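Below, each chain spelled out in residue letters.
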Amino acid sequence: MQHYLTKLRARGDLIVIEREVDPKFEAAAIARHMQKSSNKAILFERVRGHTMPVVMNLCSDHHRLQEIIRCGERTFCERLDEEIRLAETLEAWQEEDTTLPDLCTGKLGDLPILTYHERDGGRYITSGIFLAKDPETGVPNLSFHRSMYVSDNELRIRLGSSHDLARYQRAAEAQNKPLEAAILISAAPEIFMAACVSLPPQANELALAAAMRGGPIRMRPCKTVSLSVPASTDIVIEGHILPNVRRPEGPFGEFMGYYVEVGDNHVFEVKHVSWRKDASFHGLVCGSDEDLR
């Protein structure tokens, strides 16, 4: 992520806000307002109560999305189709990172998790990419799921029934086992883009990310779960989804512009939180230009 932010800053595609902002409502309100007049990304350098900056509106510009997947003279859809076909031949184009980053560790509450809307049930991680493996085949999957902060040890997450992660969870739950997962925040742009794409059940989103990048994805092992994650990811939350446990989650202002009311949803038990020393937290306003592109 930091390499990408440096590139955006160098070419004047990043608005830097130096004054302190409140993570409750204010940062999200500014980001949504700025989208009306600018396609630039925003970096909030000072977030009240936290030392980590927050970046928003990263994907609010279509030209940046074209750049991420290296469109060249092709349209976005043409190039994405090419890369999906290439990913089918790569299987898992990954390599272990032998120069592991110097990581900080702490609590979930150390992260500047934002509150977006007046009636939201709490602070939400909206840009978190869940990485998990199919319990039967071991194929990794990347997907987005909203996560409500409850405590330093617990997130409550909504798994859409048609998602691969929900299928993995059902398979683990049938054996009364927790499902290991890692939540990636502020991952490299190609990881974010690959997680947005709907692929067949046994396809590998990490291979798609490698196709978008034009080279292998460097991976590092997690500390508490048997998964490896992209080494360039700024923030990694390790844990597992509990079997046969549902607890109230919501309300939350979703992408269609309406609140989803309180419902009993899955529980993610947090085991470990780490971040790179230069990390930024990616906040995303659901239903905004960044979300809908």
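Overview of the structure. (Residues numbered from 1 in each chain as written. Predicted model: local features only at pLDDT ≥ 70, side-chain atom pairs only at ≥ 80, totals over all residues. Heavy atoms only, no water.)

## Notes on the pattern of salt bridges
For step 1, the next point in the chain: Inspection of every chain in the model, using the stated rule, returns 21 salt bridges.
For step 2, the next point in the chain: Of the charged contacts, one joins Glu 83 and Arg 79 as a salt bridge, the two residues approaching to 3.3 Å between their closest N and O atoms. Placement of the pair is Glu 83 and Arg 79 together in helix H4 (residues 76–90), with a separation of 4 residues, close to one helical turn. In terms of burial, Glu 83 and Arg 79 fall into one category: buried.
For step 3, the next point in the chain: Linking Arg 146 and Glu 249 is a salt bridge whose minimum nitrogen-to-oxygen distance equals 2.7 Å. Remark: Glu 249 occurs in strand S14 (residues 235–249) and Arg 146 occurs in the loop between strand S8 (140–144) and strand S9 (147–151); sequence separation between them is 103 residues.
For step 4, the next point in the chain: Residue Glu 249 is classed as buried on the basis of its relative accessible area of 0%. (Salt bridge = Lys/Arg side-chain N within 4 Å of Asp/Glu carboxyl O. Helix = DSSP H or I, 4+ residues; strand = E, 2+ residues; numbered from the N terminus. Buried < 20%, exposed > 50% of the residue type's maximum accessible area, 1.4 Å probe, protein only.)

## Description of the packing of aromatic side chains
For step 1, the next point in the chain: Counted by the stated rule, this structure contains 3 aromatic pairs.
For step 2, the next point in the chain: Residues Tyr 124 and Phe 252 carry aromatic rings whose centres are separated by 4.3 Å and whose planes lie at 35 degrees to one another, so their mutual orientation is tilted. You can see Tyr 124 sitting in strand S6 (residues 124–125) and its partner Phe 252 sitting in strand S15 (residues 252–253), a full 128 residues away along the chain. For the pair Tyr 124 and Phe 252, one class covers both residues: buried.
For step 3, the next point in the chain: Ring centres of Phe 144 and Phe 192 lie 5.0 Å apart, and the angle between their planes is 70 degrees; on these two criteria the pair is classed as edge-to-face. (Phe/Tyr/Trp six-rings, centres within 6.5 Å; stacked < 30°, edge-to-face > 60°.)

## Describing the packing of H4 against helix H7 (residues 205–213)
For step 1, the next point in the chain: Between H4 and H7, the shortest axis-to-axis distance is 8 Å and the interhelical angle comes to 120 degrees. If you check the angle between H4 and H7, you find them oblique. Regarding H4 and H7, the two cross each other, and that crossing is right-handed. Touching Leu 80, Glu 83, Ile 84, Leu 86, Ala 87 and Leu 90 of H4 are Ala 207, Leu 208, Ala 211 and Met 212, all from H7.
For step 2, the next point in the chain: Residues belonging to the contact of H4 with H7 are distributed by class as follows: 9 nonpolar, no polar and 1 charged. (Axes fitted to C-alpha atoms, helices over the stretch in contact; angles between N-to-C directions. Parallel < 35°, antiparallel > 145°, perpendicular 65-115°, else oblique. Left-handed = near helix turned anticlockwise from the far one by under 90°. Contact = heavy atoms within 4.5 Å. Nonpolar A, V, L, I, M, F, W, Y, C, P; charged D, E, K, R; others polar.)

## Some details on helix H2 (residues 26–34)
For step 1, the next point in the chain: For H2, every residue scored as buried is listed here: Ala 27, Ala 28, Ile 30 and Ala 31. All buried residues of H2 project into a common sector of 165 degrees when viewed along the axis, lining one side.
For step 2, the next point in the chain: Close packing links the buried residues of H2 with strand S1 (14–17), strand S2 (41–44) and strand S3 (54–56). (Arc of directions from axis to C-beta.)

Everything listed here is a matter of geometry and, on its own, says nothing about what the molecule does.
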